[in-house]
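Tertiary structure, described
Here are the chains, one letter per residue:
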Amino acid sequence: MAQLIEGRAVAEKVYEELRGEIAQLRERGVTPGLAVVLVGDDPASRAYVRSKDKMCRELGLHSVKLELPAATTQEELLARVEVLNRDPAVHGILVQSPPPKHIDEGAIVRALDPAKDVDGFHPANVAKLALGDASGFVPCTPLGCQRLLVESGTQISGAHVVVLGRSMIVGKPMAMLLMQKGKQADATVTVVHSRTRNMQEITRSADIIIAAIGQAQFVKADHVREGAVVIDVGINRVDDASAQRGYRLVGDVAFDQVSPKAAAITPVPGGVGPMTIAMLMANTVKACRQQT
Ligand code: NDP
């Protein structure tokens, strides 16, 4: 049976490290600050914003939660971002995705001060990741996946990693991060997506599979070779009459059939999810260190 890679435990370890760093910053009279901007009232986004705010408070960070009505215009939002860019108490800014349809998300991301872009979506940070410049910010979910691999004792250097999905939030930065030269990287990376031919052939040659496609339980036992390490990024709702809410959350991996073959695997929930927010906190502390 596979080793279960417990995201909550690894996230707790990250928080322990951050508490130490935050205490050091405090001694210099500095408190890291994160501003989270939510436009509209999407319930899932609201829940994410709440949990980010809660985690900031638990760590003793300065937290600014800006909840704007769905009718907020592009210009109003840009003006809010500009105020946060100039606020010295705010070291990190995140605009919760997705915004309402009338907002040009790319323009909002480009308006962020790259030094405060703790989500790592600004073109300047994307370029830094491609260049292997460690002063940039790497998107939180791929950063969390890398940490899970490291903490589970998985050999990344020289391994064949197959990333499923090529989004700018997960798949692409994940691939770039693990193919970099250096510690905790040096992998041979293949990216597969909806147009890939013979996907099973490719995934079966992977030492490490990272699934981020948003398709419930898509990765089956036949996709995975014996002894592979499997990181499941997916969060998908499936109907479940027996659950209190009428649904349950499953990953992109069919856990029950894949886990007997895998050497190690993340659960959903409790795997990558807790790491994403932990790395957001880590990026905020890094932003503060760089700005002060
Ligand atoms: P996107 O929808 O932006 O991207 C999905 C990617 O998967 C695309 O590249 C798409 O290919 C590819 N894809 C879709 N269907 C298939 C298929 N049948 N076979 C092969 N490739 C396919 O999703 P995200 O990257 O934003 O998110 C992926 C999953 O991760 C979602 O379940 C999301 O909820 C979850 N997630 C979890 C986070 C966490 O904290 N745990 C954070 C972020 C996301 P193509 O480009 O060709 O369309």
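What counts and what doesn't
- Residues numbered from 1 in each chain as written.
- Predicted model: local features only at pLDDT ≥ 70, side-chain atom pairs only at ≥ 80, totals over all residues.
- Heavy atoms only, no water.
- UniProt positions renumbered as here; feature names shortened; annotations may be inferred.
- Phe/Tyr/Trp six-rings, centres within 6.5 Å; stacked < 30°, edge-to-face > 60°.
- Lys NZ or Arg CZ within 6 Å of the ring centre and 35° of its normal.
- Near = heavy atom within 4 Å.
- Polar contact = N/O pair within 3.5 Å; in protein donor to acceptor, adjacent residues only side chain to side chain.
- Areas by Shrake-Rupley, 256 points an atom, 1.4 Å probe, with all protein chains shown as cover.
- Helix = DSSP H or I, 4+ residues; strand = E, 2+ residues; numbered from the N terminus.
- Nonpolar A, V, L, I, M, F, W, Y, C, P; charged D, E, K, R; others polar.
- Domains from an automatic or database assignment.
- Contact = heavy atoms within 4.5 Å.
- Buried area = accessible area lost by both parts, 1.4 Å probe.
- Salt bridge = Lys/Arg side-chain N within 4 Å of Asp/Glu carboxyl O.

If you look the protein chain up in an unreviewed UniProt entry, it shows as Bifunctional protein FolD from uncultured Chthoniobacterales bacterium. Looking at the protein chain in UniProt, the text filed under Function (unreviewed entry) is "Catalyzes the oxidation of 5,10-methylenetetrahydrofolate to 5,10-methenyltetrahydrofolate and then the hydrolysis of 5,10-methenyltetrahydrofolate to 10-formyltetrahydrofolate."

**Considering the packing of aromatic side chains**
Ring pairs (aromatic) are described by centroid distance and by the angle formed between their planes. Applying the stated rule across the entire model yields zero aromatic pairs. When the ring centre of Y247 is taken as origin, the NZ or CZ atom of R237, which lies over that ring, is 4.0 Å away. Taking NZ or CZ as reference, K286 lies 5.3 Å from the ring centre of F137, over its face.

**Looking at the site of the ligand**
Close contacts around the ligand come from 20 residues, with R166, S167, S194, I235 and T276 the closest. Within the side chain of S167, an N or O atom sits 2.6 Å from an oxygen atom of the ligand. Interatomic distance of 2.5 Å between a side-chain N/O atom of S194 and an oxygen atom of the ligand. Considered on its own, the ligand offers 920 Å² of accessible surface; in the complex 70% of this is hidden by protein. When residues in the shell around the ligand are grouped by element, the largest group, three residues, is from helix α10 (residues 272-291). Among the residues forming the shell around the ligand, the class breakdown is eight nonpolar, 11 polar and one charged.

**Some remarks on the domain arrangement of the protein chain**
Looking at the protein chain, the domain boundaries give domain 1 (29-128) and domain 2 (140-273). Computed over C-alpha atoms, the centres of domain 1 and domain 2 are 27 Å apart. Taken together, the five residues of domain 1 in the interface contact five residues of domain 2. Across the domain 1 to domain 2 interface the summed buried area is about 370 Å²; carbon plus sulfur atoms make up 65%. Sorting the residues of domain 1 by area buried against domain 2 places D119, F121 and V126 first, and these three jointly supply 67% of that buried surface. Between domain 1 and domain 2 we count zero salt bridges in total. On the surface where domain 1 and domain 2 come into contact, there are zero residue pairs in polar contact (both at pLDDT 80 or more).

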